[in-house]
Amino acid sequence: MSSESEAAPGTGKLVCVTGASGYIASWLVRLLLARGYTVRATVRDTSDPKKTLHLRALDGANERLHLFEANLLEEGSFDAAVNGCDCVFHTASPFYHNVKDPKAELLDPAVKGTLNVLGSCKKASIRRVIVTSSMAAVAYNGKPRTPDVVVDETWFSVPEICEKHQQWYVLSKTLAEEAAWKFSKDNGFEIVTVNPAMVIGPLLQPSLNTSAEAILKLINGSSSTYPNFSFGWINVKDVALAHILAYEVPSANGRYCMVERVVHYSELVQIIREMYPNIPLPDKCADDKPSVPIYQVSKEKIKSLGLELTPLHTSIKETIESLKEKGFVTFDSSNLYSSVLQIAICPCTYPAFTKPFGADPKKTLHLRALDGANERLHLFEANLLEEGSFDAAVNGCDCVFHTASPFYHNVKDPKAELLDPAVKGTLNVLGSCKKASIRRVIVTSSMAAVAYNGKPRTPDVVVDETWFSVPEICEKHQQWYVLSKTLAEEAAWKFSKDNGFEIVTVNPAMVIGPLLQPSLNTSAEAILKLINGSSSTYPNFSFGWINVKDVALAHILAYEVPSANGRYCMVERVVHYSELVQIIREMYPNIPLPDKCADDKPSVPIYQVSKEKIKSLGLELTPLHTSIKETIESLKEKGFVTFDSSNL
């Protein structure tokens, strides 16, 4: 691939990039600036920092980047942005997995948006427009795609087939490209289309795009299975550069398919496993059907632009490293930690907090930024499995809050990955506390250690602090995280009894609310999956939910209130996912949400959880509606969700 730092062929030239805040477009803007171009970039809202800050931070942006507001559905909206430009790169197009009204949400913006941009370009006598299309507009035509088949630029997706199978995004890209070629023919207008497959590689924008999310779902432990699909993959930097070459190379014409390699998800998992052997990955396919076959995509035409495609292995590694750097993935997440810290340092306590990753800014920057941190926050390194590792941190403290515990959805070795760190880690912390004569330790447990005992949980049942999960039941059902929390709390109570040692446990359910840390925690991710269009169905589960601020404050009250003792269940309300979706729909009626359950079984019943004991600490729990709203607003603010896609 060509270097960003080569000679500047764009010096003195003015170009426009539509939808500039997106994944491909952000890289396109970066490379254009690096090549000396002056860039006009359109976004829907120039005042939205999530759409603009990463663009304004690019090298050359201060001098040669100009932001314009434009709307795909407003005719003439792009006139000012494209006027006087030498070339326009049209990347803007909506993307949703789950849509209620395909025409309004996908088809009209894609098709009318393309025609509006081209109409503005025609008025301005632009000589060439580069349109970001997709392999979605190429490969869905009913022809077989098998290992001996070579897909090339002569293939066109068939709208009737897309519509029949309700492949609305595929249909939107197909119709948009079809409309572009018709406009070109009718108006003697020169366009070139770039047709990438699944686009991965490093992220510039703060939000998560669809293809990178496909990689994230394999590595974040959210699933024990991988999909039975075969897709083409391509590096975002190659796609961005191809757009530029499609303008700069005079002979460039027609369409350019961009696929470095087509692989089945099983091979994708294997590639990741070889590079990251310690990441828990899915180990089986989501169904028992024959694997969807791979196929070939011709590289002949794209190579005619002088472009060498980045190997898939490199693209995958760049994606994972970028997801880590951006805080989208962490392999030990906890949403409680940061909030406990924020509240604990406010009333002039003098806490010592341990962090296992030393100078990692993703683990520490948000902590150092808290009010009072400069004066009263001290970071220590510690490891759950190292005996004595917490000695220095706890020495001299009045109280210790033990929140650290590993969490994985998908584990290969439950003992090594979950059970030992949870149980031995708890005992190591308590051992250090005993040496330091700490008078009270507050342990973050979970409703996982309470409710899994084989008793029925129905609407008339009230779960309370007298319930304990049964390890044998957890093990039988391979509920390894539940087992880890159950055994860890059991070990804590035994240590307390054997050593005359005072502990209190806080047992929250699914913890949601605003995020302080840059990474995504598991419970907030459950909300994210409902609102980011990644699924057309919601799970058939009923869970308890609680606000993170309430959980953090409960830890502090469990120390400050002298009479605090034993366990404190923390559940504001138990709801089925169907009700969760309904609550979100009422607050955000324009968000596409799942509209059916993932299975046809009877709904898992809700149940009650006693609030009597937690209220004895003087704590009033935040209503579930408020917690949900705070979570979604925080996910938007942190860039984890956007309702106009960037991945094309």
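Per an unreviewed UniProt entry, the protein goes by the name NAD-dependent epimerase/dehydratase domain-containing protein and belongs to Oryza barthii.

**Regarding the overall build of the protein**
When its secondary structure is counted, the protein shows 24 helices and 27 strands. Computed over its C-alpha atoms, the radius of gyration of the protein comes to 27 Å, within 12% of the 26 Å expected for a compact globule of 648 residues. Looking at the protein residue by residue over its 648 residues, the buried ones come to 58%. For the protein, the proportion of contacts with a sequence separation of at least 24, taken over those separated by at least 6, is 80%. When the accessible area of the protein is evaluated, it comes to approximately 26,800 Å², of which 51% is carbon and sulfur surface. Positive and negative side-chain charges of the protein, numbering 66 and 73 respectively, have mean locations separated by a distance of 1 Å.

**A few points about the packing of helix α22 (residues 577–587) against helix α24 (residues 624–637)**
The geometry of α22 relative to α24 is characterised by a closest axis approach of 10 Å and an angle of 70° between their N-to-C directions. What the angle tells us is that α22 and α24 run roughly perpendicular. Like other packed secondary-structure pairs, α22 and α24 cross with a definite hand, here right-handed. Facing Leu580, Ile583, Ile584, Glu586 and Met587 of α22, the residues of α24 in contact are Leu624, His625, Ile628, Lys629 and Ile632. Classifying every residue of the contact of α22 with α24 by side-chain character gives seven nonpolar, one polar and two charged.

**Details of the pattern of salt bridges**
Under the criterion given, the structure shown has 20 salt bridges. Arg255 serves as the salt-bridge partner of Glu177, at 2.6 Å between the closest nitrogen and oxygen. Of this pair, Glu177 sits in helix α7 (residues 168–187) while Arg255 sits in strand β11 (residues 254–258), and the two are 78 residues apart along the sequence. Each member of the pair Glu177 and Arg255 is classed as buried.

**Overview of the pairing of strand β10 (residues 230–235)**
Extensive coverage of β10 is indicated by the burial of five of its six residues. Bridging between β10 and strand β12 (residues 261–264) involves four bridges; their strand directions are antiparallel. Residue pairing for β12: Phe231 is matched across the bridge by Val263.

**Observations concerning the domain arrangement of the protein**
Its domain assignment divides the protein into domain 1 (14–326), domain 2 (338–508) and domain 3 (509–547 + 571–607 + 620–647). Domain 1 and domain 3 are separated by 28 Å when their C-alpha centres are compared. With 27 residues of domain 1 in contact, the opposing surface of domain 3 contributes 24 residues. Of the roughly 2,000 Å² buried where domain 1 meets domain 3, counting both sides, 42% is carbon and sulfur surface.

**Examining the environment of Ala246**
Position of Ala246 among the secondary structure elements: in helix α9 (residues 236–248). Considered as a pair, Ala246 and Ile531 are 285 residues apart in the sequence and their alpha carbons are 36 Å apart. What Ala246 contacts, discounting residues up to four positions off in sequence, is Arg128, Ile130, Val192, Ala252 and Leu305.

**Digging into unusual backbone geometry**
Although it is not a glycine, Gln166 adopts a positive phi angle of roughly 55°. One can find Gln166 in the loop between α6 (159–164) and α7. Judged by relative accessible area, which is 55%, Gln166 ranks as exposed. Even without being a glycine, Gln478 presents a positive backbone phi close to 55°. Positionally, Gln478 belongs in the loop between α18 (471–476) and α19 (480–499).

**A word on the nonpolar core**
Core analysis: the largest hydrophobic core is formed by 101 residues, its most contacted members being Ile219, Trp233, Ile531 and Trp545. A domain-level breakdown of this core finds at least three residues from each of domain 1 (14–326) and domain 3 (509–547 + 571–607 + 620–647).

**Remarks on the sheet that holds strand β8 (residues 198–200)**
To summarise the sheet geometry, strands pair through backbone hydrogen bonds and adopt either a parallel or an antiparallel arrangement. Within the open sheet, the three strands sit side by side as β8-β10-β12. Their pairing is mixed. A strand with exactly one partner marks an edge of an open sheet, and here the two such strands are β8 and β12. Adjacent strand axes in the sheet meet at a mean angle of 40°, parallel and antiparallel pairs treated alike. Of the strands in this sheet, β8, β10 and β12 touch helix α12 (residues 312–325), which is tilted by about 60° from β8.

Each value, and the rule that gives it
- Residues numbered from 1 in each chain as written.
- Predicted model: local features only at pLDDT ≥ 70, side-chain atom pairs only at ≥ 80, totals over all residues.
- Heavy atoms only, no water.
- Helix = DSSP H or I, 4+ residues; strand = E, 2+ residues; numbered from the N terminus.
- Rg over C-alpha atoms; globule rule 2.2 N^0.38 Å.
- Buried < 20%, exposed > 50% of the residue type's maximum accessible area, 1.4 Å probe, protein only.
- Contact = heavy atoms within 4.5 Å.
- Areas by Shrake-Rupley, 256 points an atom, 1.4 Å probe, with all protein chains shown as cover.
- Lys, Arg positive; Asp, Glu negative; His and termini not counted.
- Charge placed at Lys NZ, Arg CZ, Asp CG, Glu CD.
- Axes fitted to C-alpha atoms, helices over the stretch in contact; angles between N-to-C directions.
- Parallel < 35°, antiparallel > 145°, perpendicular 65-115°, else oblique.
- Left-handed = near helix turned anticlockwise from the far one by under 90°.
- Nonpolar A, V, L, I, M, F, W, Y, C, P; charged D, E, K, R; others polar.
- Salt bridge = Lys/Arg side-chain N within 4 Å of Asp/Glu carboxyl O.
- Pairing = 2+ DSSP bridges.
- Domains from an automatic or database assignment.
- Buried area = accessible area lost by both parts, 1.4 Å probe.
- Core = buried A, V, L, I, M, F, W, Y, C linked by side-chain atoms within 4.5 Å.

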